[in-house]
Amino acid sequence: MSTLTKLALGVMGQLRPRPVKGNAETTIKLPAPDKRGGMPLMAALARRRSSREFARKPLPRALLSSLLWAAFGVNRRDGGRTAPSAIDAQEIDVYVALPTGAYLYDARTHSLQLVAASDLRRVTGYQDFVDEAPLDLVYVADHRRMRMVPVGQRESYASAAAGAISQNVYLFAASNGLATVIRAWIDRSAIADALGLAHDQQVLLAQTVGYPKPKQTP
Ligand SMILES: Cc1cc2nc3c(=O)[nH]c(=O)nc-3n(C[C@H](O)[C@H](O)[C@H](O)COP(=O)(O)O)c2cc1C
């Protein structure tokens, strides 16, 4: 769907998900993430960039598993995570929009929990590539977990935490030959509706991930 159509539908409150292809599994138990190897950190930093051209090719589940663990998985026995959060509130939830449904990433059990049995990739942003790329992540701040943070600071702290998660995804993408872009140009109320969020859950950012679109030969 074109950006213009999305903008028009967004104004009318009509930017809606599509039906899923196949069955939306209620729980997806992800395989163990591969925590070894990858590119040296400095080499991944040298490759980090935003890309906006994606192939439709799906991401294998093993890659999705490692990507989500890198993004905001549990990396310590005490429940610590791969990205920081103020007073360890861990207020960011990572929602995972796949062609087969929309899921909440449960880092503790390293699984995906179904939140909407629809393909809501197209709802995650105004740019056309978000519809067809195999994965759109949505970063949502749960203000209920930030009661110890002064009210006036909550949004900025949560945005910083989401930024750290996003950079983890950028570096994982660079290391694995994937394309990605973080996005703030999104219809936050359409996403909140589609995910069934409560009023104290705030949609902050989205991020598209996929294989790069192969270059056309003339
Ligand atoms: C907070 C934030 C919001 C952004 N929003 C968008 C967006 O909505 N759409 C988009 O295509 N890129 C978006 N970007 C990506 C920037 O355009 C990109 O990082 C910038 O052009 C620099 O390019 P690079 O990431 O390749 O270094 C955003 C980046 C940040 C940090």
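Located above this text is the structure these notes cover.
So, how was this worked out
Residues numbered from 1 in each chain as written. Predicted model: local features only at pLDDT ≥ 70, side-chain atom pairs only at ≥ 80, totals over all residues. Heavy atoms only, no water. Salt bridge = Lys/Arg side-chain N within 4 Å of Asp/Glu carboxyl O. Helix = DSSP H or I, 4+ residues; strand = E, 2+ residues; numbered from the N terminus. Buried < 20%, exposed > 50% of the residue type's maximum accessible area, 1.4 Å probe, protein only. Near = heavy atom within 4 Å. Polar contact = N/O pair within 3.5 Å; in protein donor to acceptor, adjacent residues only side chain to side chain. Areas by Shrake-Rupley, 256 points an atom, 1.4 Å probe, with all protein chains shown as cover. Nonpolar A, V, L, I, M, F, W, Y, C, P; charged D, E, K, R; others polar. Contact = heavy atoms within 4.5 Å.

This brings us to the pattern of salt bridges. All chains considered together, the criterion is met by 12 salt bridges. Put simply, Arg 145 and Asp 93 hold a salt bridge, and the shortest N to O gap is 2.8 Å. Of the two residues, Arg 145 sits in the loop between strand 7 (135–142) and helix 4 (154–176) while Asp 93 sits in strand 3 (residues 92–98), which places them 52 residues apart along the sequence. Given a relative accessible area of 11%, Asp 93 falls into the buried group. Measuring nitrogen to oxygen at the nearest pair gives 3.8 Å for the salt bridge that ties Asp 200 to Arg 144. A residue pair is termed long-range when its members are at least 10 positions apart, and Asp 200 in the loop between helix 5 (188–195) and strand 9 (201–210) and Arg 144 in the loop between strand 7 and helix 4 qualify at 56 residues. By relative accessible area, which is 36% here, Arg 144 ends up partly exposed.

In this section: the site of the ligand. In the vicinity of the ligand, the contacting residues are Arg 48, Arg 49, Ser 50, Arg 52, Gln 127, Val 181, Ile 182, Arg 183, Ala 184 and Trp 185. Within the side chain of Ser 50, an N or O atom sits 2.5 Å from an oxygen atom of the ligand. Within the contact set of the ligand, an oxygen atom lies 2.8 Å away from a side-chain nitrogen or oxygen of Gln 127. Summarising the interface, the protein chains cover 52% of the accessible area of the ligand, which totals 620 Å² for the free molecule. Split by residue class, the shell around the ligand holds 4 nonpolar, 2 polar and 4 charged.

You will see that Ile 87, though not glycine, has its phi angle at about 45°, which is positive. Among the structural elements, Ile 87 can be located in the loop between helix 3 (61–72) and strand 3. By relative accessible area, Ile 87 is classed as exposed at 58%. Here the phi dihedral of Asp 88 falls at roughly 55°; this positive angle occurs in a residue that is not glycine.

For helix 5, every residue scored as buried is listed here: Ala 190, Ile 191, Ala 192, Ala 194 and Leu 195. For helix 5, the elements touching its buried residues are strand 3, strand 4 (101–106), strand 5 (111–116), strand 7 and strand 9. Gly 196 occupies a position one or two residues after helix 5 and carries a positive phi of about 65°.

This is a description of form; function is not addressed.
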